[in-house]
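# Descriptive analysis of the structure
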Amino acid sequence: MFVQDLRNDFYRQLVGKRILIVVNYDIDAICASRILQALFKYDHMLYTVVPIMGVTGLKRAYGEHQGDVKYVLLVNCGGCVDIVELLQPAEDVIFFICDSHRPLDVCNIYSDRQVCILGDPSLEESIPAFESIFYDSEGEDEDDDDGDVGSDQEQQNNDSGAGESDQEDRAPAAQRTTKMSRLERHEQRILKQRARRQWELERDRIMFEYTQFSYYGRSAALLVFELAWKLSKDNMDLLWWAIVGITEQLLLGKIESGAYTLELEQIQSHVSRLTNKTNDQNTMSASKISFENDLHLVLYRHWPVTESMRYSRYASCQLKLWTLRGEKRLHELLLEMGLPLVHARQTYGAMDLVLRKEFYSMVERLAEKYDIPDIVYGTFTLSYGYRSRYAAADYVYALLSIMESVKKHKTPEDCFLEASDALSRQHKQLLTAGIEQAKLLHAAIFRQVQSSLEARQVHSAGSFFYYVLQEEHAFFSYPYALALLARFLLRGHVATSRARQAPDLPLIASCPLDAAQGMCLLVGIAPVREDSPRTFFGKAFEQAAQKSGVALLQDFFEPAVVQLRQSDLTRFLDALTVLLT
């Protein structure tokens, strides 16, 4: 069931209780969990935070802590699976789900008490009616029982051996009546079975339409921040974490730019309110959030302009910067902007102050001419002290690189905690280290795209493109990094392809995950021309695996990310080709 009054029906139910917070391994979830932890600390509440990477991790986390807690909060996980069926909890355990993944599981939606989904049901799309997906078989069973009782009574009368003359006279009429009622009952049963089969076919159609596309709803961090606002416990830090959460959804293509723009106005009102509320006169410690139009250039405030343009997906693909002609166009753009090459190759912070102030207007003025009109977008920046100024996108890329930096000595849990700490202004060194790692990641993505396009390693299967990395890679053996590579590669391939249908075809990218076990990671990316971030890959992967007999591990909460054996990859892609043709 849905819970709309978060203050009374959610937060106040938890005050004084011990809570298990299970957090999915993504930036929006990390930001939401930081806001929740700040609220729980304010009220001195006991809680345990457990990061997970998939369904297996969810089962393990609940299994380890189920004896200690009666209230479980799931952040960006659990909404799309039948949580009661999956975890088999005791009846007095209550789950609160704050999940941006869609579509939500219907068993969670129609749970009476045990599963509570945080959010507004009016914002959800085409939830099936209860009667159309849950069949009431009690009335049918009662009718069957009545029929059985009638047959038993008739059998008893036949076996009683009563031989009176009046009973013998009435026997033929009684038998005819009994036979008629038997026939009617039989016809009634057949009609009910036929009606049930039709209902089941209609239910299957409704459920297929409801679940065929996977997409994302509202940011979990933004939802939790609004709870903090209603509790009058919000501040600049909590608002900034909410901004980072929704910016991650935009940059990773989880939501449309239109949905992001609609949220901006509300966020701006919170920024104005908290700015007026803040009375901190110490400039070094005061934080300031400001809205401004910015550029879709990766980490350009922490990099030379030429590097940032080269490694930014949109600008690089529009200008084809992996080619000599593209490099020449970049130099022409810088020349027309009035930005000397010696300055463009310096770190942005070391550029001349006048050039820095005019940089945005220079790019905006020439964006249409150089076919990069969408390079401008609205975002927020955080300033504290005299030198520290970060865009929300800087935080997203830094946290993403920290989360993907799993090594032998560094577990995913360590990376999760480090990314969570990097959100705090007190751990600025972690953010700085994350930005440096993000530079290495984006440089590696560009080099891989350049070499792959030159070697023509993006192949067409008719209804989709596919790209297979043959060797394990330090960066791309992780879901988000492989998805970033695939999105860059697809846009680059479309920019260089002469095929008319290229912008309308999706891409499937694969990278070896574990050479010893022979596993590989597979991600599906929506077509370049597709405005909506909805993806059909979750259902398509599932059906292709069934038809090909391939064992598929769909453990991630992102349905377009799966694992399978490398030896099964060709068979799986063949089945997918047949399915999508």
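What you are looking at is a predicted structure, and each value in this text was computed from that prediction instead of being measured.

This brings us to the pattern of salt bridges. Between side chains of opposite charge, a pair can form as their charged atoms come close. As enumerated under the stated definition, the model contains 22 salt bridges in all. Arg218 is the salt-bridge partner of Glu226, the closest N and O atoms lying 2.5 Å from each other. The class of Glu226 is buried, set by a relative accessible area of 12%. Salt-bridge contacts for Arg301 lead to Asp294; the nearest nitrogen and oxygen are separated by 3.1 Å. Asp294 shares its class with Arg301; the two are buried. Overlapping salt bridges, with partners in common, bring together Glu292, Asp294, Arg301 and Arg389 in one network.

Position of Ala433 among the secondary structure elements: in helix H19 (residues 428-454). With relative accessibility at 34%, the residue Ala433 sits in the partly exposed group. Measuring from C-alpha to C-alpha, the distance between Ala433 and Phe291 comes to 25 Å, with 142 residues separating the pair along the chain.

Before going further, it helps to examine the sheet that holds strand S11 (residues 388-391). Hydrogen bonds between backbone atoms are what pair the strands of a sheet, whose relative direction is either parallel or antiparallel. Taken in spatial order, the three strands of this open sheet run S9-S10-S11, and their pairing is antiparallel. Of all strands in the sheet, those bounded by a partner on one side alone are strand S9 (287-295) and S11. Neighbour-to-neighbour, the strand axes of this sheet turn through a mean angle of 25 degrees, independent of strand direction. Summarising the sheet, S9 and strand S10 (residues 376-384) pair through nine bridges and their orientation is antiparallel. In the strand pairing of S10, Phe291 is matched with Phe380.

This part is about the packing of helix H9 (residues 220-230) against helix H10 (residues 236-251). Helix packing geometry: the angle between the two helix axes and the distance between the axes. Look at H9 against H10: their axes get within 8 Å of each other, and the N-to-C directions meet at 160 degrees. Accordingly, the angle class assigned to the pair H9 and H10 is roughly antiparallel. For H9 against H10, the interelement crossing comes out left-handed. Each of Ala221, Leu222, Phe225 and Ala228 in H9 lies in contact with H10, whose residues at this interface are Leu238, Leu239, Trp241, Ala242, Gly245 and Ile246. Tallied by class, residues from the contact of H9 with H10 come to nine nonpolar, one polar and no charged.

With that settled, the discussion passes to the environment of Phe10. Structurally, the position occupied by Phe10 is in helix H1 (residues 6-14). The residues contacting Phe10, other than those within four sequence positions of it, are Val3, Asp5, Leu36, Leu73, Phe96, Leu118 and Leu227.

Judged by pairing direction, the sheet is parallel, and its six strands sit side by side in the order S1-S7-S5-S4-S2-S3 without closing on themselves. Taken across any chain shown, the strands that pair with only one partner, and hence form the sheet edges, are strand S1 (2-3) and strand S3 (46-52). Strand direction decides the pairing type here: strand S4 (residues 71-75) and strand S5 (residues 94-98), joined by five bridges, are parallel. By the bridge assignment, Val75 is partnered in S5 with Cys98.

Here we come to the domain arrangement of the chain. In many analyses, interface size is given as the accessible surface area lost on bringing the parts together. Parsing the chain into structural domains produces domain 1 (1-127 + 199-278), domain 2 (280-445) and domain 3 (456-580). In this complex, domain 2 contributes 18 residues to the contact, which on the side of domain 3 involves 14 residues. Ranking the residues of domain 2 by area buried against domain 3 places Arg313, Glu404 and Ile445 at the top, with a combined share of 42%. Taken together, the links from domain 2 to domain 3 amount to zero salt bridges. The interface formed by domain 2 and domain 3 holds two residue pairs in polar contact (both at pLDDT 80 or more) in total. Secondary-structure elements contributing two or more residues to the side of domain 2 that touches domain 3 are helix H12 (305-311), helix H13 (313-319), helix H17 (392-403) and H19. With five residues, H13 is the single largest residue contributor to the side of domain 2 that touches domain 3.

Thresholds, definitions, all that
Residues numbered from 1 in each chain as written. Predicted model: local features only at pLDDT ≥ 70, side-chain atom pairs only at ≥ 80, totals over all residues. Heavy atoms only, no water. Salt bridge = Lys/Arg side-chain N within 4 Å of Asp/Glu carboxyl O. Buried < 20%, exposed > 50% of the residue type's maximum accessible area, 1.4 Å probe, protein only. Helix = DSSP H or I, 4+ residues; strand = E, 2+ residues; numbered from the N terminus. Pairing = 2+ DSSP bridges. Axes fitted to C-alpha atoms, helices over the stretch in contact; angles between N-to-C directions. Parallel < 35°, antiparallel > 145°, perpendicular 65-115°, else oblique. Left-handed = near helix turned anticlockwise from the far one by under 90°. Contact = heavy atoms within 4.5 Å. Nonpolar A, V, L, I, M, F, W, Y, C, P; charged D, E, K, R; others polar. Domains from an automatic or database assignment. Buried area = accessible area lost by both parts, 1.4 Å probe. Polar contact = N/O pair within 3.5 Å; in protein donor to acceptor, adjacent residues only side chain to side chain.

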